[in-house]
Amino acid sequence: MIKVVGVRFRSAGKIYYFDPQKFDIKKGEHVIVETARGVEYGTVVLGIKEIADDEITAPLKPVIRIATPKDDKQEAANREKEKSAMAVCLEKIKKHKLDMKLIDAEYTFDNNKVLFYFTADGRVDFRELVKDLAAVFKTRIELRQIGVRDETKIVGGIGICGRPLCCHTFLDEFAPVSIKMAKEQNLSLNPTKISGVCGRLMCCLKNEEETYEELNRRLPNVGDRVTTDDGLKGEVHSVNVLRQLVKVLVDDGEEKEIREYKVEQLKFRRRGRRDKEERGDKKQSAEDKALKELENLEKKEGKSKLDEG
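Below is a short write-up of the structure. (Residues numbered from 1 in each chain as written. Predicted model: local features only at pLDDT ≥ 70, side-chain atom pairs only at ≥ 80, totals over all residues. Heavy atoms only, no water.)

**Let's talk about the pairing of strand 12 (residues 256-262)**
Relative to strand 12, strand 11 (residues 245-251) runs antiparallel, the two sharing seven bridges. Counterpart to lysine 247 in the pairing with strand 12 is glutamate 260. Connecting the antiparallel pair strand 11 and strand 12 is a turn made up of four residues, with glycine 253 showing a positive phi of about 100 degrees. (Pairing = 2+ DSSP bridges. Helix = DSSP H or I, 4+ residues; strand = E, 2+ residues; numbered from the N terminus.)

Shown next as structure tokens:
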């Protein structure tokens, strides 16, 4: 076991472990640490704790010091300089007529490097732009192309639920999401209804996926033939996944009617999930193309580029 503290460098960013040395570091304090990008100013989000050696990415770098009032002032000054850096970079992009959208500028704590984050539809030749920026700022310049998920994480916004975006407030990493998750939760397969502000599948599709998978395993599919505990046979009309209720179109010999049963009251031969998905695909055939495009964009997005060294 080894003692570590968890440090974050941006709101809802990835948490990195550092050796606390002999410092009595508490959650919420600011620290100065050495990273792959140089000396950085971070916020402690996990106080001193012990974790297994195999959970550490070697080498474990030490905390240089707990941030002093002077360090706090320098960090605030860096944030102000980033605003002017954005303005300068926007002007240079316009000058070089580059097809790119500038998202954010970031100074390392020691001012050894300025990073500019941008989005673009394809590759951008920004070599001349880097030369111009280096001449202005007299330091190392890095232009990093990010995806639309990362852009939304930086900028923030309000989701369709009416709450601040998960990625901007607490998600430190993007979990893989897929169309299958929306199908599993019986959501509308209209791309506009399952896409977030970024235009990609909503991250929250992942939140209840395991619960829905478990609940769906206990239920028959719509259209399945079932036998009820009162001896009637019928066809599944609809299911309520969360309440584990099934509406069955039963035939009592005289007339057909829809009755509701608890899943425990039914006997049925469970079909595979593939059968249900295939039937769902046929019903949604008009939206297949849009869904396919959305899924391709999801694969193309790749991993977050914000926390790369």
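Having seen the structure, we can now continue with the description.
**Observations regarding the nonpolar core**
In terms of nonpolar packing, the biggest core is built from 18 residues, with Met100, Phe116, Leu133 and Leu143 touching the most fellow members. At the level of secondary structure, the elements contributing two or more residues to this core comprise helix 1 (69-96), strand 6 (101-107), strand 7 (113-119), helix 2 (127-137) and strand 8 (140-145). Val241, Val248, Val250 and Val263 belong to the second-largest nonpolar core, a separate cluster that totals 13 residues. (Core = buried A, V, L, I, M, F, W, Y, C linked by side-chain atoms within 4.5 Å. Buried < 20%, exposed > 50% of the residue type's maximum accessible area, 1.4 Å probe, protein only.)

**Digging into the pairing of strand 11**
Bridging between strand 10 (residues 233-240) and strand 11 involves six bridges; their strand directions are antiparallel. When the sheet's bridge partners are listed, valine 239 is paired in strand 11 with valine 246. What sits between the antiparallel neighbours strand 10 and strand 11 is a turn of four residues, in which glutamine 244 has the positive phi angle 55 degrees.

**Description of the packing of aromatic side chains**
Using the criterion set out here, one finds five aromatic pairs in the structure. Ring centres 6.0 Å apart and planes at 45 degrees place the aromatic pair phenylalanine 116 and phenylalanine 137 in the tilted group. In this pair, phenylalanine 116 sits in strand 7 while phenylalanine 137 sits in helix 2, placing the two residues 21 residues apart along the sequence. Across the pair, exposure class does not vary: phenylalanine 116 and phenylalanine 137 are buried alike. With centroids separated by 5.8 Å and ring planes inclined at 80 degrees, the aromatic side chains of phenylalanine 118 and phenylalanine 126 adopt a geometry described as edge-to-face. These aromatic residues form a ring-pair network of at least three members: Phe9, Tyr16 and Phe18. Here lysine 81 stacks its cationic end above the ring of tyrosine 107, 4.7 Å away from the centre of that ring. Looking at lysine 153, its charged tip hangs above the ring of phenylalanine 174, at a distance of 5.6 Å from the centre. (Phe/Tyr/Trp six-rings, centres within 6.5 Å; stacked < 30°, edge-to-face > 60°. Lys NZ or Arg CZ within 6 Å of the ring centre and 35° of its normal.)

**Remarks on helix 1**
When the terminal C-alpha atoms of helix 1 are compared, their 41 Å separation across 28 residues agrees well with the 40 Å that a helix rising 1.5 Å per residue should span. Buried within helix 1 are the following residues: Asp71, Glu75, Asn78, Glu82, Ala85, Cys89, Lys92 and Ile93. Turning to helix 1, the residues buried within the fold contact strand 3 (30-35), strand 4 (38-51), strand 5 (63-66), strand 6, strand 7 and helix 2. One or two positions beyond helix 1, positive phi appears at lysine 97, with a value near 55 degrees. (Expected span 1.5 Å × (residues − 1). Contact = heavy atoms within 4.5 Å.)

**Notes on the pattern of salt bridges**
Taken as a whole and assessed by the stated rule, the structure comprises 20 salt bridges. Across the salt bridge formed by glutamate 106 and arginine 37, the nearest N and O atoms sit 2.6 Å from each other. Of this pair, glutamate 106 sits in strand 6 while arginine 37 sits in the loop between strand 3 and strand 4; the two residues are 69 residues apart in sequence, bridging distant segments of the chain. Grouping residues by exposure puts glutamate 106 and arginine 37 together as buried. (Salt bridge = Lys/Arg side-chain N within 4 Å of Asp/Glu carboxyl O.)

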